[in-house]
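Summary of the model geometry
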Amino acid sequence: GQYYLSTTAEFLASHGFVVAAPFRFSDQSNEIAAGGFNWMTYVEDSVRDAEWALERLRAHPAADARYLSALGHGGGGLQALLFGMRSRSVTSVANIDAGVFSTRSRLRDLPFYSPRLLRAPLLYMATAETRKGQDLFEDFGAMKFAARFEVILQDAAVRHHDLSDLGRGVTAPMCIRGDAQDSVQKTYSDLHEMLLRFVADHSGRRDRSGSF
């Protein structure tokens, strides 16, 4: 949505990237008849929203859509991954603490999911706690046509929502994380530096000197 990773969006935009956060306010039942909430329908519609946003960006005169990164946190990481699998326009995919490779995500139930479909480089960043729950992580290794990068955040004080604006509001403005305050903020900063370098490396934005 438009607020969940707004700090991340602002950070990337401050380095010259165009950022789009498609979000559907209306009932999704008008897209695919599902007879009530259906998880598979929800995921499909979310990927369609990303495809719609891409077409809008391509039509915008200020946007260079030759390079496209799909980014997601938590459940949004699955949507970003699926978008990368379905669209050859995606030049990189980044997951922030997403439980993508777990039975709980039900990704293997999706008819349009296959590790072999991903051709764009994938950056998977996760807390050690999230990584322990990835009982299907062999799918990460099965993505043979994509360059893969795994980063495990070892600080036990860092929680899942510390990496989104939900936790950011607790850590930065409210300052109620106690002794973990400084380490959580440093991890947040380090993660975004890695994210920026990854996106830049796969968008033609880095020159030969290594600068943006």
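For the structure, check the block above.
In this report, we go over the structure that sits alongside the text. Chains are numbered independently. Their residues run from 1 in the order of the written sequence. At least 70 in pLDDT is required for a residue's local features to be given in this predicted model, at least 80 for side-chain atom pairs to be given and counted, and no such filter applies to totals for whole chains, interfaces and linings, which use all residues. Excluded from the side-chain calculations are hydrogens and water; all other atoms, namely the structure's heavy atoms, are used.

1. Brief notes about the sheet that holds strand β1 (residues 69-73)
Taken in spatial order, the 4 strands line up as β1-β2-β3-β4 in an open sheet, and their pairing is parallel. Where the open sheet ends on each side, the last strands, each with one partner, are β1 and β4 (148-153). Within the sheet, the average angular offset between the axes of one strand and its neighbour, ignoring direction, is 10 degrees. The pairing criterion is simple: DSSP has to find at least two bridges between the two strands. Helix and strand definitions here come from DSSP, where helices need a minimum of 4 consecutive H or I residues and strands a minimum of 2 consecutive E residues; each element is numbered from the N-terminal end. Pairing analysis gives 6 bridges linking strand β3 (residues 122-127) to β4, with the strands arranged parallel. Counterpart to L123 in the pairing with β4 is F149. Here, two residues are considered to be in contact whenever any of their heavy atoms come within 4.5 Å of each other. Every angle, taken between N-to-C directions, lies between 0 and 180 degrees, and every axis is a line fitted to C-alpha atoms, over only the stretch in contact when it is a helix. Contacting β1, β2 (92-96) and β3, helix α3 (residues 75-86) runs over the sheet at an angle of about 160 degrees to β1.

2. Quick word on the packing of helix α2 (residues 39-58) against α3
Viewed as axis vectors pointing N to C, α2 and α3 meet at an angle of 60 degrees, and their least axial separation amounts to 9 Å. Viewed along their axes, α2 and α3 form a crossing whose handedness is right-handed. Residues W39, Y42, V43, E44, S46, V47, R48, A50, E51 and L54 of α2 form the contact with α3, whose participating residues are L78, Q79, L82, F83 and R86. In this scheme the crossing of two helices becomes right-handed for a clockwise turn of the near helix relative to the far one and left-handed for an anticlockwise turn of less than a right angle.

3. Overview of the layout of surface pockets
Quantified by volume, the second largest pocket comes out at close to 380 Å³. A pocket here means an open set of points on a 1 Å grid, computed over the protein atoms alone, that has protein on both sides within 12 Å along at least five of seven lines. A cavity is instead a set of points where a 1.4 Å probe fits but cannot get out; residues with an atom within 4 Å of a point line either one. Forming the walls of the second largest pocket are 19 residues, and the residues nearest its centre are G75, G99, S102, R104 and S105. Broken down by secondary-structure element, the contributors of at least two residues to the lining of the second largest pocket are α2, α3 and α4 (128-132). Amino acids outside the nonpolar list (Ala, Val, Leu, Ile, Met, Phe, Trp, Tyr, Cys, Pro) and the charged list (Asp, Glu, Lys, Arg) are all regarded as polar, and Gly is one of them. Residue classes in the lining of the second largest pocket are distributed as 6 nonpolar, 10 polar and 3 charged. Grid points are joined across faces, edges and corners, and a volume is the space filled by probe spheres set on the points.

4. Remarks on the pattern of salt bridges
We define a salt bridge as a contact between a side-chain nitrogen of Lys or Arg and a carboxyl oxygen of Asp or Glu at a distance within 4 Å. Per the counting criterion, the structure on display carries 13 salt bridges. Salt-bridge contacts for R106 lead to D109; the nearest nitrogen and oxygen are separated by 3.3 Å. The closest approach of N and O atoms between D190 and K186, which form a salt bridge, is 2.7 Å. Highlighted residues: D190 and K186, both in helix α7 (residues 181-201), separated by 4 residues, approximately one helical turn. Each of E44, R48, E51 and R86 takes part in one network of salt bridges that share partners.

5. Digging into the packing of aromatic side chains
Stacked, tilted and edge-to-face pairs are distinguished by plane angle, under 30 degrees for stacked and over 60 for edge-to-face with tilted covering the rest, among Phe, Tyr and Trp rings (Trp via its six-membered ring) whose centres lie within 6.5 Å. By the definition in use, this model includes 7 aromatic pairs. Taking 5.3 Å as the distance between ring centres and 80 degrees as the angle between the ring planes, the aromatic pair formed by F101 and F137 counts as edge-to-face. In this pair, F101 is assigned in the loop between β2 and β3 and F137 in the loop between α4 and α5 (138-141), connecting sequence segments 36 residues apart. Note on criteria: charge over ring means Lys NZ or Arg CZ within 6 Å of the ring centre, with the direction from the centre no more than 35 degrees off the ring normal. Just above the ring of F112 sits the side chain of R86; from NZ or CZ to the centre is 5.2 Å. Across the ring face of F145, the terminal group of R119 is positioned such that the distance to the ring centre comes to 4.4 Å.

6. What to know about α2
By this rule, a helix spans an expected 1.5 Å times one less than how many residues it contains. Here α2 contains 20 residues, and its C-alpha end-to-end distance of 29 Å stays within 8% of the 28 Å for a straight helix at 1.5 Å per residue. Each residue's exposure class comes from its accessible area (1.4 Å probe, protein chains only) as a fraction of the maximum for that residue type: buried when under 20%, exposed when over 50%, partly exposed otherwise. Here α2 has its buried residues at W39, T41, V43, E44, D45, S46, V47, D49, A50, A53, L54 and L57. In the core, the buried residues of α2 are packed alongside α3.

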